[in-house]
Every structure is written in C-alpha cells, then in structure tokens.
Amino acid sequence: MTDRIWTAALAVIGDEILSGRTQDKNIAQIALWLNLQGIRLQEVRVVPDVEDAIVEAVNQLRARNDYLFTTGGIGPTHDDITVDAVAKALGVAVVVHAQARAVLEDYYASRGGANEARLRMARVPDGATLIENRMSGAPGIRHGNVFIMAGVPHITAMMLDALSGSLEGGAPMLSETVGCWVAESEVADLLRATEKAHEGCQIGSYPFFRDGRVGANFVVRSTERSALDTCVAALIAGLGAIGHATTPGGI
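Residues numbered from 1 in each chain as written. Predicted model: local features only at pLDDT ≥ 70, side-chain atom pairs only at ≥ 80, totals over all residues. Heavy atoms only, no water.

Asks: An account of the overall build of the protein is requested, with residue identities and associated values reported.
Replies: For the protein, the count of helices and strands is 9 helices and 12 strands. Across its three principal axes, the protein shows a C-alpha extent of roughly 70 × 45 × 35 Å. Counting across all 251 residues of the protein, residues that qualify as buried make up 43%. For the protein, the share of sequence-separated contacts (at least 6 apart) that also reach a separation of at least 24 residues comes to 68%. Total accessible area on the protein is roughly 12500 Å²; 51% of this is exposed by carbon and sulfur atoms. Looking at the protein, you have 21 positive and 29 negative side-chain charges, and the mean spots of the two groups are 1 Å apart. (Helix = DSSP H or I, 4+ residues; strand = E, 2+ residues; numbered from the N terminus. Buried < 20%, exposed > 50% of the residue type's maximum accessible area, 1.4 Å probe, protein only. Contact = heavy atoms within 4.5 Å. Areas by Shrake-Rupley, 256 points an atom, 1.4 Å probe, with all protein chains shown as cover. Lys, Arg positive; Asp, Glu negative; His and termini not counted. Charge placed at Lys NZ, Arg CZ, Asp CG, Glu CD.)

Written as structure tokens, this is what we have:
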C-alpha cells in the first residue's frame, strides 16, 4: 500500500452562499465521500458568481491538489457561469456535449420540452466527460482532475454516488471518538503529548457545554487500524491516570 496521501480541494460557487441566504451542505458530504475514497479534502474556498474569481480559484486549487471539485453555478439561467469560467481556467472552449444534449432532451420530453435555457446544461469545457445524474437529468462534468458538480445537495449526492470507486486514491482515514467530561484546556498537554508519541495519528478536540457542564469529544484519526487503536488506548489511559473517566464513541 502506498504512503502517498491523495488530496482534493472544493470550490463552493455562489453569491447565495456568501450572502447567507443559503447554507452550504455540500462541504460535509463531499468530505465524507472523499474520505471513503481514500482522499483527503485539504481545503475549501467559497467564491462569488464572478468569472475572474472562479478562474483564479480553479487554477490555484487544482494546481496544488490531486483533485478539484466545484459545486454550484451549472443550472439553466444566465448567471450560471461555472462552466464558462472553468473552461477559461483550463484554456479550452465551451462546446455542446452531444450525449448531455440527448440526456436532457429525453429527460424533458415529458416535462415541457428541452428549451434553450435547459439545453444550456449540455454545455461543457471541450474534452470533458459526463457524471451521471439520475435525479434531474442534467449531468455533472469531469475534465481531467476537475469535477463540476451541482449546488443542490441531493443532486450532488447522486453525482458522488456515480463517481464512487472511480478515483485513484490512498488509504481511507479511520477514526475513533472518545468523550470526556473535562475542559479541553485542562488536558491540552496530554493531547499534544499523546499525538506526538503516536506517529501517523491525529487527535482533534471538540469541546461542548451541556447540562451545565463542560466536556469534549476527542477524535483520533489514522490510516492504520493498529496505530489508531494504540493511540486511543493511550489517550484513555492518560485521561484515566489524571482522574477523568471516558466514554467510547463520544458523549
């Protein structure tokens, strides 16, 4: 098994996200899906519906990651400019994809017809392939290591499902959660020392306030099951040694 860590970035595109009118739900589902593919979501950028901003984000993010995903801006209206912007970033023309057009014409045949606006969704950067979308007909788009996805979360989920198992990646990230009724500031040194002592493991601390008490869930992550189990055991032992009981799976 390779030690190489495959990474991805996500560009969330849309004025509605930046204005707060719409809350993004794609970051979490894409991150979780990528993890199952053995790929780490390394960074996320939210950009407006402005061509130059999208071009800049696409070129920067795809250059320093193995994969780039974009969500939003591929619908039928004039302000859906993601395809044009990605094509500009890639240095290719925008063309009508014959298969995408056929899919849309078939889908809308019983839904009022494939008018000019709907057929905009058949436009792709030249050289692209399609990502199947069983939900609404309009496909996602793949061009090399760039994946252009819908902004609507349940449609994005369908596109991710269609891609499952098709991306080259590394080992999936495994995780275990340990809950404890303790202020994280009291055990910060223990967390740091435990992580340092267990190469290949990361410990995330997620504090909360509940029922008038402070506590924290500690999430231990590793690509190696044996290393993960050893680190979790050490963390539980370390917390117990200073008088703190733990709850496997979190609180």
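Asks: Kindly report on the sheet that holds strand β9 (residues 174–180), identifying the contributing residues and their values.
Replies: Backbone-to-backbone hydrogen bonds join strands into a sheet, with any given pair of strands oriented parallel or antiparallel. One open sheet accounts for 4 strands, arranged β10-β11-β9-β12; its pairing is antiparallel. The strands lining the two open edges of the sheet, one partner per strand, are β10 (202–210) and β12 (246–248). Looking at each pair of strands side by side, their axes are set apart by 25° on average, direction ignored. As judged from the 9 bridges shared by β10 and strand β11 (residues 213–222), these two strands associate in the antiparallel manner. By the bridge assignment, R210 is partnered in β11 with R213. Packing of helix α8 (residues 188–197) onto the sheet brings it into contact with β10 and β11, and relative to β10 it is tilted by some 155°. (Pairing = 2+ DSSP bridges. Axes fitted to C-alpha atoms, helices over the stretch in contact; angles between N-to-C directions.)

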